[in-house]
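Take a look at the letters that make up each chain.
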Amino acid sequence: MKNLKYQERGKVGIISLNRPETRNALSLELLQELEDLIRKISEEKLVRVVVIRGEGRTFSSGHDLKEILDRHPIEVEKLFNQCYRAMLAIRDAPQPYIAMVQGVATAAGCQLVAACDMAVAAKSALFATPGVKIGLFCYTPIAFVSRAVGRKKAFEMGFTGEFITADEALQFGLVNRVVEDEKLEEETMKLAESVARYSLNVLESGKRFFYKQLFMEDFQALAFATESISLYSSTEDAKEGIRAFFEKREPRWE
């Protein structure tokens, strides 16, 4: 892969955006590689959690503007459709995805953070959707950011383009944890490994349920949850987990 690096540490996969010379701009080629890699990881099921990080000092500065300037809208649409497919691959993946954010995450880089299931940020990290400043509103980033943070804050981010700090990102729900810069990798891996010890079948079914019920009415969601928990109670993973609970031992999942 030209634009990505990938490694596995036990049951945790680590994808590194590898364009530090462009502050890990999300080019069409990178996004194609990212979708292909995520699909491959999903199919192989060798890991249970995946971390996305950026090489160098920056998580991602967003789309490569050289692929937008003076291009025909149909050509630009190819770039954004590919971004759509990469984000959808994350959502479709059985594994939970964790963004490990250092430096800045702007525009589509901020969108990528919001698209991941969880995020850990370095204390010095900064986030923004600054398209308004260059005459092109951050339409696609805001679609995800507005579903991660409160509506008022998302509007402010979109219409001022100003940075928010890691602590603000935590306060408004864009990230799960803020840690000292030097402990970013350690704390991210700690979170990843705390999830990776569980059955991938359970993680996959839970992830699919979580996003499907998220925008249902309360009792519609509860009805769906009732059907789901009743169905999955008969799986081997559930039987093993319950037996282990009564036998006061750790479950033995594949």
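Residues numbered from 1 in each chain as written. Predicted model: local features only at pLDDT ≥ 70, side-chain atom pairs only at ≥ 80, totals over all residues. Heavy atoms only, no water.

**Q** Outline the packing of helix α2 (residues 73-92) against helix α8 (residues 200-213), listing residues and values.
**A** The contact between α2 and α8 brings their axes to 10 Å, and the two run at 120°. Contact with α2, carried on its side by Ile90, Arg91 and Asp92, involves Lys207, Arg208 and Tyr211 of α8 and no other residues of that element. Of the residues in the contact of α2 with α8, the class split is 2 nonpolar, no polar and 4 charged. (Axes fitted to C-alpha atoms, helices over the stretch in contact; angles between N-to-C directions. Helix = DSSP H or I, 4+ residues; strand = E, 2+ residues; numbered from the N terminus. Contact = heavy atoms within 4.5 Å. Nonpolar A, V, L, I, M, F, W, Y, C, P; charged D, E, K, R; others polar.)

**Q** Can you break down the packing of aromatic side chains residue by residue, with the values?
**A** The relative placement of two aromatic rings is captured by the distance of their centres and the angle of their planes. As enumerated under the stated definition, the model contains 7 aromatic pairs in all. Taking 4.9 Å as the distance between ring centres and 50° as the angle between the ring planes, the aromatic pair formed by Phe137 and Phe159 counts as tilted. Here the residue Phe137 occupies a position in the loop between β7 (126-128) and α4 (139-148), and Phe159 occupies one in helix α5 (residues 151-160), the gap between them amounting to 22 residues. With a relative accessible area of 21%, Phe137 lands in the partly exposed category. By relative accessible area, Phe159 is classed as partly exposed at 47%. Among the aromatic residues, those joined into a cluster by ring pairs are Phe137, Tyr139, Phe155 and Phe159. Taking the ring centre of Tyr211 as reference, the NZ or CZ of Arg91 above it sits at 3.7 Å. (Phe/Tyr/Trp six-rings, centres within 6.5 Å; stacked < 30°, edge-to-face > 60°. Buried < 20%, exposed > 50% of the residue type's maximum accessible area, 1.4 Å probe, protein only. Lys NZ or Arg CZ within 6 Å of the ring centre and 35° of its normal.)

**Q** Describe the pairing of strand β1 (residues 4-9), naming the residues involved and giving the relevant values.
**A** Direction of pairing for β1 relative to strand β2 (residues 12-17): antiparallel, over a ladder of 6 bridges. Counterpart to Tyr6 in the pairing with β2 is Ile15. If you look at the hairpin formed by β1 and β2, you'll find 2 residues sitting between the two strands, and Gly10 has a positive phi there, around 65°. (Pairing = 2+ DSSP bridges.)

**Q** Would you mind going over the environment of Val50 in detail, with residue names and values included?
**A** Along the chain, Val50 falls in strand β3 (residues 49-54). Val50 sits in the buried class, given a relative accessible area of 0%. Separated by 36 residues in the primary sequence, Val50 and Ile14 place their C-alpha atoms 5.7 Å from one another.

**Q** I'd like to hear about the sheet that holds β3, residue by residue, with values.
**A** Pairing is mixed across the open sheet formed by 6 strands, whose spatial order is β1-β2-β3-β4-β6-β9. Edge positions in the sheet fall to β1 and β9 (177-179), since each of these pairs with one other strand and no more. On average, each strand axis in the sheet is inclined to that of its neighbour by 20°, with strand direction left out of account. Inspection of the sheet shows strand β6 (residues 118-122) paired to β9 by 3 bridges, in the parallel sense. Across the sheet, the residue bridging to Val120 is Arg177, located in β9.

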